[in-house]
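Overview (structure and organization)
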Amino acid sequence: MADTLTRDLNDTGRKAAEKGTGDAIIEANHVSRSFISDKGNHLTVLDDISLDLHEREVVAILGRSGAGKSTLLRVLAGLVEPTSGTVAYRGVPLTGANPGVALVFQTFALMPWLDVQANVELGLEARGVPRDERRRRALKAIDAIGLDGFESAYPKELSGGMKQRVGIARALVLEPDALFMDEPFSALDVLTAENLRQEVLGLWKGGDSGIKSILIVTHNIEEAVQMADRVVVLGSHPGRIIAEEQVNLPRPRNKHSEEFENEVDRLYTVLTGQSDSGGEGGTGGDNTQGAASAAQPDGSQAAVAGHGASVAAGGSTPSSQARQVADEAASQGSDLVGGVNGQSDRDGEKGGEDARDGGGHEDLVQLPDVSPGGLKGLIDVICEYREGADLSDLASDLSFEVDDLLPLIDAGSMLGVLEVHDGHATATQQGLQWHKAGILESKTLFAQLAMDHASLVRSIDQALRRSPEGSLRGELFIDLLRGRLPDVEAQRQFSIAVNWGRYGELFDYDADDDVLTLDTGEDEQSD
Amino acid sequence: MASFLKMFEPPRRLFVPAQTQETDERDTKTKPAVRVLSDCVVVAVLLALFGALAYLLPAIDAPIGPAGIPSTVSTDLRDLPYYALRSVLRMAIALLCSLVFTFVYGLAAARSRRLGKVLIPVLDVLQSVPILGFLSATVTIWLALFPGSMLGVEAASVFAIFTSQAWNMTFSFYRSLTSEPTELVEAAKNLHLSAWQRFWKLDVPNSMIPLLWNCMMSVGGGWFFLTASEMISVGNHTYALPGIGSFVEQAGSEGDMGKIGWAIAVMIAVVLLIDVCVWKPLTAWAEKFRITQSESETVKKSAVLTLIRHSHLNDVLFALIRPVGDVIAQTWHALKNAFSRTSGSRRPAVGVRTASTVDGEVRPAGRAVHGDGSDDANGAHDLEEGVDRRRKSRARRRMAGDIAFFGVLGIAFVWGVVQLLLSIGRTTGFSELWRAFGLGFITFARVAVLIVVCSLIWVPLGVIIGMNSKISSVVQPLVQVLASFPANFVFPFVLMWFAAWHVSLDFGSMLLMALGTQWYILFNVIAGASSIPDDLVEMTKSLHMSVWMRWKTLILPAVFGSWVTGGITAAGGAWNASIVSEIVRYNGKTLTAKGLGCYIAEATAKGESMKVLIGVVVMAVFVVALDRAVWQPLQRLADRRFVVA
C-alpha cells in the first residue's frame, strides 16, 4: 500500500505514462460527458476528468449533489459512455459494462422477485458458473457479510441494512478487481450505516475478499475521510476535479482525533470553495480550480441576456408581450440569464466561481434549492453560537450531510446573511438582524435580501413591474432559463425563485394558469 | 379490435396489513396428509386437462366434408359443453399467441430506437382496427394455408381472437420495459446478464403484474368478439365452427331464447371457473413481482394457489424445467464465447475471477473491441484518438442509418397512402370515403352519448360502492367478472324487448354497445373512490360540507383520473363493438342501424374489400384522432391536477 501512497497521484498529465505499469486497474483519460438539452444546447455534466484507480487503494469521490459523481462512477463502470475521452480496464478500452467492476447501489438494486441466495448468485449465473459451484460460493459470500440464515428471504422482508448486505454480497461473490460503491450507506440510518461501513472496512483490511480496490462515491465528508486513501473532490457545473487529497491516517481511523477533524475541515473548505488558499490539500495540478481570472464583465451579461431574449422570442410562446419584456430585460442588461450562464460556458463558470471567492455574490450561478424558512432556521442556529460554527460541527449537530447543509450555506452566503471562512460560518450583521426580526419584519427583510442578491428573483420582480398588467406567464421565464439550463433544472430554478418571491411577498404565482402576478400588498403587508 | 382495452392498470386497493402469501411457499409444516391430498387433486386435474386436450385435438383438423365448410352449427343442447371446451381451447391458443407476439413486438419496440419510433404508432393504429377488418383481409390466406381441413377456419378464428387480445398486452409490456427501474437495469448490465437471462430475471418479472391484468382484460375482450370469430361472415360465405359463440349466434338468429339462456348459464360457469382456477391463483402468485421497498400490505388469497403450493407440483416442475434452463444457459454461453473468440479481440488479462471460467467469459456480452493495435502501448494518446475516431464514425453511421431507415419508411408510407387514394378513386370513388366519414360521425355521436350517459349513471353509483368498503368488497369482484362476460350473449333478449317496444336499432344499438363497455367506467370509478384517503373524507365531515360541496371539492376530483382511464377503455371498446351492435341478426331478420360499424360489417359480409378498407381506415382515423384530441389531454390533466397522493 505504501507503494501507492508515495506515488505522485496528482499529476494527471503523467497518467498516460503510467499505463502499462500494471497496477492501474482503471484509467480514465480526459473523460467528458455532455448531453443535449431540449433547446439544443450542449450541457456538460463531466468535464475533462482524468482519474486512475490502482490496486490496493480505496478512493472516494466526493462532491455535492449535481456534481456528476454518480455519472463519473457509471462512466468508469462502463454503464454510461463518455462523450469524449477513454476509459480503459487493464489497458483495454471499454466497449460495454466494465468486466472488472462490481457495483453496489445506493438503492440496493436487488431483484425483488428473487430471494437472497438467487440475488447473490445472479452475477455468477451470468458468467456460466455451474449450479453447485454457484451455490457454494454464494453461501460463502453470504456468510462473510453476515447474512447467514437469510438465504431464502425476499428483499422486501429485509431491513435497509440487510438489503445493502445482500447488495454487497452480490458484488463480493464476483471477487471483482474494483468494488464500486455508489453512496452505499446514504439510504440507511446513521447507526446501520456506521456498522456496515466498519464491516466493509474489516473485509477490506482482512484482504481475503479478493477485492483489489474500492471506489466509493459519497457526499458525506466523514465517510470519505474514514474510508479512503485518496479523496477526489468534484466541483459542480460542470463536474470536474477540483482537488485530490491523500488521507494518510493510520487505520482504524479515530473520528475524534485531531488529524481526522482537520482533514474533514479541510475538505469542507474545499467544497464550500471559500478558501483563500484554493486546493490547500496540496494538489495543485491542472485539475484544480482555475486561477482567478477576470470576472465576467457586465457587457457580456447583457449580451447573454440578449441571447436569452432571442431564444424566448423564437420559442414556443412568441407573444408580443413576452418579446417586449424579454427585450426590455436585455436592454436593461438584466442578469436574469447572466446569472446562470455558467452552466454551459466554462469560462463564465470560472468567472462566477471566482466572483464568489472574492466575496461578491452578484454572479452566483444558481439559486440554491432551499426554502427561506429553512435558511432562517439555520441562521437562528448559527446565531446561537457565539463565535460562529464550524461547518462540520454544524452538520453533526443537525445530523445533516453535505447535501443538506451546503445549499443552505450557499444561500446564506449569497444573500449575505452569513460568511464562511475556512469551513467556519458566522452570521453577518444582516443575519443577526434577520434572526431577531418578527414574522412580518423577517419577510420584508428577506424580500430586500432576495431583491439585492438573487438575480432571478429580482429579474422576475422587475419584469412584472414593467409589464402593463403586473402579470406575466411563468413559461416566459422558464423558457429563458431553458436556453441555458437543462429542462429539469430550469423548472427547479423557477420554482425556487417563485418560492422565495412568495415568501418575501414580492409576487405570487398561479400554477393552474401559469401566471405570475405582483404581490401588490392588498393583503396587509408590513412596511 | 381495440383499444377495447388500452393499457389497463390494476385497480389499487388498500387492505389491512397482514402476513404475505410468500410464507406459504416455504411452508413445510403442512401436514403430510394435506400434501398427499393436494397431490391427488392436482394430478387428477392435470390428467383431466390432458384428457380433454386429447379429446379435442383430433376434431380440430378434421377434413372438410363434401358439403364444404358448414355455415351453421347444431343448436343441440347436448353439444353445449363440448362447444364451450372448444371455445376455451381457442381462447387459450390465441392468448398464447398474443403472449409470444407481445414479447417479440414489445422487445423490438423497446430495445431498438428506430423500430420503436415505428412500431408504437403502428400498434396504436392496429388497436383501433376492428376485428372484421383483420378477418376479411386474412381469411382467404388461412383457408389456403390448410386446404381441405377445418384447421384453416380454426386458424382464422384463432387469429381473429388474437387480434382482439394482443394489442393492449403489447402496450402494457412495452410500457413495463421502458419503465424498468434504472438501478435494476444497471445492476443487470454490471452483472453482465445475457439478453436471455435479463429477459427472465428482469424484463418478464418486472412486467408480470400489469401484463397479467391485461391478459385478463384481453380474454374478456376476446369473449365479446367470440360470436364474430366463430361464425365468420366474409365475402358472401359464412364459416361456422363448433363453439359457444357460434351456438349463441345460431340460436339467436333462430330466435330460440331458451337455448340462449342455457348458453348464458354455461358461459357464466366458464367465466367463473376461469376466474377461480386461472386468474385468482395467478394474480395471487404474481404479488411476488410487485416492486416495493417494504413488506407488501396487500394480501391476495387463492384457494387454488394454496392447493398447488401444498402439492409437490412445484418441485416436479422445477425438476423438469431446471435442466432445460441449464442447457439453454450453457448453449448461450458456448455461443457467446465462440462469438467473442471469432471476433478476434484481445481480452483483459484479469477480469472478475470466477473459478470455472475460461478467460473469455469475463467479456461483456457480445461486443468486442475491434483489434486496431490500440493495445501495443503506443501511449494513451493513440488509444484515445482511436476511440474518438471510432466514436465519430459510429455517430456518422448512426446518422446515416437513421436517414436511410426513416427515409425508406417515409417513402413507403407516402406511396401507400397515394396507392390507397388512387385505388379508392379507381374503384369506389371518393364519394364513398365521404360517405364513410359521415357514417363515422353517426357512430361517433352514439359513442359520445353512450359515454356521457354511462358516466352519469355509473360514476355516482361507483362512488357510493367504492366509498363503502363493505359493499365494494362484494361488488368489485362481481363487476370484474361481469366485464369479462360477453355482453352480446344477452343481445337477443334486449332485441326481443326492442321489438316489443318498437325501439329502432338506430338508438337501440347504443344500449347494445353500452352493455359491453359500461363496466370499465364502473369498476375504475369504484377503484378510484375506494382509494380516497380517509382523512380527506373526515375533513369534509368536520367542515360540515354539504353533499354537493363534498362531491365538488373532493369526490369528483379524486375519481377523475379513474374515470378517464375507464372512459378511454369504454370509448375504444364502443367503437369496436359497433361492428356487432349496429347490425344484428335476430329471429330470422337482420336489423341494422346507420353507422360505420354496420357499414364495415355489411361490406365484409358481401366481400367488398375496398369498402372494408375504407371503413377500417376511417374508423382508425376516428379512434386515433379522438384519443389524441380528447383522451390524452384529459389524462394529462388528471395526472397533473387530480392525483390524490
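Residues numbered from 1 in each chain as written. Chains lettered and ligands numbered in written order. Predicted model: local features only at pLDDT ≥ 70, side-chain atom pairs only at ≥ 80, totals over all residues.

Turning next to the overall build of chain B. In terms of helices and strands, chain B carries 23 helices and four strands. By residue count, 39% of the 645 residues in chain B fall in the buried class. Considering only contacts in chain B between residues 6 or more positions apart, those separated by 24 or more positions represent 79%. (Helix = DSSP H or I, 4+ residues; strand = E, 2+ residues; numbered from the N terminus. Buried ≥ 20, exposed ≤ 12 C-beta atoms within 10 Å, placed from the backbone. Contact = placed C-beta atoms within 7 Å.)

Along chain A, the regular secondary structure elements total 20 helices and 16 strands. By the burial criterion, 53% of the 527 residues in chain A qualify as buried. Pairs at least 24 apart in sequence give 72% of the contacts found in chain A among residues at least 6 apart.

Attention now goes to the UniProt feature "domain: ABC transmembrane type-1" (unreviewed entry) in chain B. All names here are of chain B. Here, UniProt's "domain: ABC transmembrane type-1" (unreviewed entry) annotation points to residues 84-283 and 444-630. Helix makes up 84% of residues 84-283 and strand 4%, with an end-to-end C-alpha separation of 24 Å. Here residues 444-630 runs as 82% helix and 4% strand, with 13 Å between its end C-alpha atoms. (UniProt positions renumbered as here; feature names shortened; annotations may be inferred.)

Looking now at helix α22 (residues 596-606) of chain B. All names here are of chain B. With respect to burial, α22 is a largely interior element, nine of its 11 residues being buried. For α22, the complete set of buried residues consists of Leu596, Gly597, Cys598, Tyr599, Ile600, Ala601, Ala603, Thr604 and Ala605. One or two positions beyond α22, positive phi appears at Gly607, with a value near 75°.

The next thing to look at is helix α19 (residues 505-530) of chain B. With 26 residues, α19(B) should cover 38 Å at 1.5 Å per step; its first-to-last C-alpha distance of 37 Å lies within 8% of that length. Burial analysis of α19(B) places 23 of its 26 residues in the buried class, which makes it a mostly covered element. (Expected span 1.5 Å × (residues − 1).)

What follows is about the pairing of strand β3 (residues 583-586) of chain B. Put simply, side chains in a regular strand alternate between the two faces of the sheet. Summarising the sheet, β3(B) and strand β4 (residues 589-592) of chain B pair through four bridges and their orientation is antiparallel. Looking at β4(B), one finds that B:Val584 is bridged to B:Leu591. (Pairing = 2+ DSSP bridges.)

Its domain assignment divides chain B into domain 1 (1-8 + 56-294), domain 2 (398-426) and domain 3 (428-645). Its C-alpha centre places domain 1 of chain B at a distance of 31 Å from the equivalent point of domain 2 of chain B. (Domains from an automatic or database assignment.)

Turning our attention to the sheet that holds strand β14 (residues 471-473) of chain A. Residues and elements named next belong to chain A. Taken in spatial order, the three strands of this open sheet run β14-β16-β15, and their pairing is antiparallel. Of all the strands in the sheet, just β14 and β15 (507-510) have a single pairing partner and so form its edges. Adjacent strand axes in the sheet meet at a mean angle of 20°, parallel and antiparallel pairs treated alike. Pairing of β14 with strand β16 (residues 515-518), which is carried by three bridges, proceeds in the antiparallel orientation. (Axes fitted to C-alpha atoms, helices over the stretch in contact; angles between N-to-C directions.)

What follows is about the sheet that holds strand β8 (residues 213-218) of chain A. All names here are of chain A. As summarised here, the arrangement of the six strands in space is β6-β7-β8-β3-β9-β10, forming an open sheet in which the pairing is mixed. Each of the sheet's edge strands pairs with one partner strand only, and the pair in question is β6 (101-104) and β10 (240-246). Adjacent strand axes in the sheet meet at a mean angle of 20°, parallel and antiparallel pairs treated alike. Alignment of strand β9 (residues 230-235) against β10, held across six bridges, turns out to be antiparallel. Residue pairing in the sheet places Val231 in a bridge with Glu245 of β10. Against the sheet, helix α9 (residues 258-272) engages β3 (58-62), β9 and β10, with an angle of about 20° to β9.

Here we come to the environment of A:Leu172. All names here are of chain A. Looking at the element boundaries, Leu172 is found in helix α6 (residues 160-172). For the pair formed by Leu172 and Ile211, sequence separation is 39 residues and the distance between their alpha carbons is 7.5 Å. Setting aside chain neighbours within four positions, we find Leu172 in contact with Ala141, Ala144, Ile145 and Ser209.

Residue and element names in this part refer to chain B. Assignment of secondary structure puts Gly566 in helix α21 (residues 547-581). Under the C-beta neighbour-count criterion, Gly566 is labelled buried, with 31 such atoms within 10 Å. A C-alpha to C-alpha distance of 41 Å links Gly566 and Ala54, two positions 512 residues apart in sequence. Here Gly566 is in contact with Tyr520, Ile521, Asn524 and Val525, once residues within four sequence places are set aside.

Moving on: the nonpolar core. Counting residues in each nonpolar core, the largest one holds 145 residues, and the members touching the most others are A:Ile61, A:Leu62, A:Ala169, A:Phe180, A:Leu215, A:Val233 and A:Leu267. A per-element tally of this core places helix α15 (residues 402-415) of chain A first, with eight residues. Ranked by size, the runner-up nonpolar core spans 126 residues in total, among them B:Ala155, B:Met216, B:Phe224 and B:Met513. (Core = buried A, V, L, I, M, F, W, Y, C linked by C-beta atoms within 7 Å.)

The peptide bond linking A:Arg251 to A:Pro252 adopts the cis configuration, its omega dihedral lying at -5°. Structurally, the position occupied by A:Pro252 is in the loop between β10 and α9. Here the phi dihedral of A:Glu183 falls at roughly 40°; this positive angle occurs in a residue that is not glycine. Take A:Glu183: there are 22 C-beta atoms within 10 Å of it, and that puts it in the buried class. A positive phi angle, close to 60°, is found at B:His192, a residue other than glycine. With respect to the helices, strands and loops of the structure, B:His192 is situated in the loop between α8 (182-190) and α9 (195-224). Among the residues examined, B:His192 registers 24 C-beta atoms within 10 Å and is labelled buried.

This brings us to the packing of helix α18 (residues 491-501) of chain B against α19(B). All names here are of chain B. Put simply, α18 and α19 touch, their axes get as near as 11 Å, and they point 150° apart. Considering their axes alone, α18 and α19 lie roughly antiparallel with respect to each other. Crossing geometry of α18 relative to α19 is assigned as right-handed. On the side of α18, the interface is formed by Phe491, Val494 and Phe498, while α19 contributes Leu505, Gly508, Leu511 and Leu512. In the contact of α18 with α19, the residues fall into six nonpolar, one polar and no charged. (Parallel < 35°, antiparallel > 145°, perpendicular 65-115°, else oblique. Left-handed = near helix turned anticlockwise from the far one by under 90°. Nonpolar A, V, L, I, M, F, W, Y, C, P; charged D, E, K, R; others polar.)

Time to look at the pairing of β16(A). Judged from the four bridges that link them, β15(A) and β16(A) form a sheet pairing that is antiparallel. Bridged to A:Phe507 within β16(A) is A:Leu518.

This paragraph deals with the confidence of the model for chain B. All names here are of chain B. Scored by pLDDT, chain B has a mean of 81; 87% of the residues are at 70 or more. Ranking the helices and strands of chain B by mean pLDDT puts helix α3 (residues 80-111) first, with 93, and helix α1 (residues 22-25) last, with 42. Low pLDDT (under 50) marks residues 1-27, which in the prediction has 73 contacts with non-local residues, meaning those over four places away or in another chain. Contacts for the low-pLDDT stretch residues 343-378, under 50 throughout, to residues beyond four places or in other chains number 80 contacts. (pLDDT = per-residue confidence, 0-100.)

Here the focus is the packing of helix α4 (residues 116-126) of chain A against α6(A). All names here are of chain A. Here α4 crosses α6 at 35°, and the two axes come no closer than 7 Å. α4 and α6 meet at a crossing whose hand is right-handed. Here α4 contributes Val116, Asn119, Val120, Leu122 and Gly123 to the contact with α6, which in turn contributes Val166, Ala169 and Arg170. Among the residues making up the contact of α4 with α6, the classes are represented as five nonpolar, two polar and one charged.

On to the environment of A:Asn248, then. Its place among the elements puts A:Asn248 in the loop between β10 and α9. Taking the C-alpha atoms as reference points, A:Asn248 and A:Asp229, 19 residues apart in sequence, are found 6.5 Å from one another.

Residues and elements named next belong to chain A. Mean pLDDT over chain A stands at 76; residues scoring 70 or higher make up 76%. Under a pLDDT of 50 for its full length, residues 274-364 has, in the predicted model, 166 contacts with residues more than four places off or in other chains. The low-confidence segment residues 523-527 (pLDDT under 50) makes four contacts with residues lying over four places distant or belonging to another chain.

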